Amino acid sequence: MRAPTGEQIEERRVAIVAMQPVLREGLRAMLGEQRSACRTDVYDTVSSLLDALADLPVAIVLLELRQTGLDSLQQLATLKAQWSQTPVLTIAYARDSASIADALRAGADGYILSDDRPEELRFAIEALMQGRRYLSTSICDVVIEGFLGLASAGRLAGSPHAKLTERERQVLRMIAAGLRTRDIAQQLNLSPKTVEKH
């Protein structure tokens, strides 16, 4: 099943999978305010969603990830195995890097927190509908710190980033910030040729 584009969301189904009725109905109400022409269906498990909508198109799935993670992660993996092209936005309680990584590995296309502001849900849905991934702004620091921890521990040894020296990383960050070779050379007291080599 193909995921629809952002314009098609208005004519499509959004499925909400959450154990807690308050969360299900709260998400339904929020979506109703944001996307009035979108049909929203609610389910308490992924299997009930798959049984009910086996052949019907779903634009996006909002999936509650409970703190008792394993069952939720299995549901996520099951959903992605059957609907690999359908974006899944997880709504979670856990904000640690291990839980976030587990959800992304299980197939989540987006990860927001249950206590995020309502606008975060809108931003996440828009990103996923455009084929992009989305992480809540409130967890970005956690994800970056987790990544940096893996890099410094050498656990990303196979990645090109792990092979860079600290000076090369510094030059790379400056390039990413938009600095030119000449400016970088001046700031680091290097020759432009040395900067280009890095």
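Scroll up a little and you will see the structure.
These notes cover the structure that comes with them. What you are looking at is a predicted structure, and each value in this text was computed from that prediction instead of being measured.

The rules we used
- Residues numbered from 1 in each chain as written.
- Predicted model: local features only at pLDDT ≥ 70, side-chain atom pairs only at ≥ 80, totals over all residues.
- Heavy atoms only, no water.
- Helix = DSSP H or I, 4+ residues; strand = E, 2+ residues; numbered from the N terminus.
- Buried < 20%, exposed > 50% of the residue type's maximum accessible area, 1.4 Å probe, protein only.
- Contact = heavy atoms within 4.5 Å.
- Areas by Shrake-Rupley, 256 points an atom, 1.4 Å probe, with all protein chains shown as cover.
- Pairing = 2+ DSSP bridges.
- Axes fitted to C-alpha atoms, helices over the stretch in contact; angles between N-to-C directions.
- Patch = residues over 30% accessible without salt bridge, like charges linked within 9 Å, V, L, I, M, F, W, Y side chains within 5 Å.
- Salt bridge = Lys/Arg side-chain N within 4 Å of Asp/Glu carboxyl O.
- Core = buried A, V, L, I, M, F, W, Y, C linked by side-chain atoms within 4.5 Å.
- Arc of directions from axis to C-beta.

**Observations concerning the overall build of the protein chain**
Helices and strands together make up the secondary structure of the protein chain, namely nine helices and six strands. Per-residue burial over the protein chain gives 37% buried out of 198 residues. Expressed as a percentage of contacts within the protein chain between residues at least 6 apart in sequence, the contacts between residues at least 24 apart total 60%. Total accessible area computed for the protein chain in this model is approximately 11,200 Å², and 52% of it derives from carbon and sulfur atoms.

**Topic: the sheet that holds strand E3 (residues 60–65)**
Strand order in the open sheet formed by six strands is E2-E1-E3-E4-E5-E6, with parallel pairing between adjacent strands. Looking at which strands have only one partner, the edges of the open sheet turn out to be strand E2 (39–43) and strand E6 (134–135). Of the strands in this sheet, E3, strand E5 (110–113) and E6 touch helix H4 (residues 97–106), which is tilted by about 145° from E5.

**Notes on a nonpolar patch on the surface**
On the surface, a nonpolar cluster with roughly 260 Å² of combined accessible area is contributed by Ile 144, Phe 147 and Leu 148. Residue placement: Phe 147 occurs in helix H6 (residues 140–152). Residue class for Phe 147 comes out partly exposed when judged on its relative accessible area of 39%.

**Here we look at the nonpolar core**
In terms of nonpolar packing, the biggest core is built from 23 residues, with Val 17, Leu 49, Val 61, Leu 63, Leu 79, Trp 83 and Tyr 111 touching the most fellow members. Contributions of two or more residues to this core are made by strand E1 (13–17), helix H2 (46–52), E3, helix H3 (70–82), strand E4 (88–92), H4 and E5. Each residue touching Tyr 111, except ones within four places of it in the same chain, is listed here: Leu 65, Leu 89, Thr 90, Ala 92, Ala 94, Ser 99, Ile 100, Ala 103, Tyr 134, Leu 135, Ser 136 and Ile 139. Membership of the second largest hydrophobic core comes to 20 residues, among which are Ala 18, Ala 124, Ile 125 and Tyr 134.

**Considerations on helix H8 (residues 181–188)**
Every buried residue of H8 is listed here: Ile 184, Ala 185 and Leu 188. Down the axis of H8, the buried set is contained in an arc of 100°. They therefore lie on one face. Of the exposed residues in H8, the ones pointing more than 90 degrees away from its buried face are Arg 182, Gln 186 and Gln 187. Two residues or fewer after H8 comes Asn 189, characterised by a positive phi angle close to 55°.

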